[in-house]
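What the coordinates show
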Amino acid sequence: MELLHRVMLGGWLLLAVLALGGWWLVDSGFAQSVALGGLLVNASFWLLAKDAQRLLQRASQAEAGMMVQTEKTRFFLRALARWIVLGLLVFVAATKVPINVIGLTLGFATVMVSVVIIGIGAGKCWVPSKA
């Protein structure tokens, strides 16, 4: 769980740095696009983490295999619904506000970059050395 919290914190911190840096280096529209993409992807990741925790908790409590399959199906349907809602939110935002595609993409990448950074940092413990 600690790694998950570090990834989420890293995503939010990276979003703040990219949005502020984009506002300072480019313009407010770019920073707004970074913030929109980062807000959507970080919120989606947080909901995904909550659903995964719920799935693992219910699967560990379940005795019957059918209940585990039901929980897996519910998890995947929620993930699909989340992707649809995310796409609709981006579409609605793009019709209402001018969006910088590069900034939006940078915002979307915050969680992925955070996962890579935290993963590399955590990997130092078990990567064999070249002795």
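Read on for a plain summary of the structure. These numbers were taken from a predicted model, which means no experiment stands behind them. (Residues numbered from 1 in each chain as written. Predicted model: local features only at pLDDT ≥ 70, side-chain atom pairs only at ≥ 80, totals over all residues. Heavy atoms only, no water.)

Along the backbone of the protein there are five helices and zero strands. When the helices and strands of the protein are read in sequence order from the N terminus, they spell out α-α-α-α-α. Relative to its 131 residues, the protein shows a buried fraction of 27%. Of the contacts made within the protein by residues no fewer than 6 positions apart, 78% connect residues no fewer than 24 positions apart. A total accessible area of about 9100 Å² is found for the protein, and carbon and sulfur atoms account for 73% of it. (Helix = DSSP H or I, 4+ residues; strand = E, 2+ residues; numbered from the N terminus. Buried < 20%, exposed > 50% of the residue type's maximum accessible area, 1.4 Å probe, protein only. Contact = heavy atoms within 4.5 Å. Areas by Shrake-Rupley, 256 points an atom, 1.4 Å probe, with all protein chains shown as cover.)

The geometry of helix H2 (residues 28–61) relative to helix H4 (residues 101–108) is characterised by a closest axis approach of 7 Å and an angle of 35 degrees between their N-to-C directions. H4 is crossed by H2, and the crossing has right-handed handedness. Two secondary-structure elements touch here, H2 through Phe30, Ser33, Val34, Leu36, Gly37, Gly38, Leu40 and Val41 and H4 through Ile102, Gly103, Leu104, Leu106, Gly107 and Phe108. (Axes fitted to C-alpha atoms, helices over the stretch in contact; angles between N-to-C directions. Left-handed = near helix turned anticlockwise from the far one by under 90°.)

Let us now look at the packing of aromatic side chains. In total, this model carries one aromatic pair according to the counting rule given. Measuring from centroid to centroid gives 5.4 Å for Phe75 and Phe76, while their planes differ by 70 degrees, and the two rings are edge-to-face. (Phe/Tyr/Trp six-rings, centres within 6.5 Å; stacked < 30°, edge-to-face > 60°.)

The next subject is the pattern of salt bridges. The final tally for this structure, using the stated rule, is three salt bridges. We note a salt bridge from Arg54 to Asp51, for which the minimum N-O separation is 2.9 Å. Here Arg54 pairs with Asp51, and both are found in helix H2, just three residues apart, close to one helical turn. The class of Arg54 is partly exposed, set by a relative accessible area of 25%. Under the relative-accessibility criterion, Asp51 is labelled buried at 9%. Several salt bridges converge on common partners, so that one network encompasses Asp51, Arg54, Arg78 and Arg82. (Salt bridge = Lys/Arg side-chain N within 4 Å of Asp/Glu carboxyl O.)

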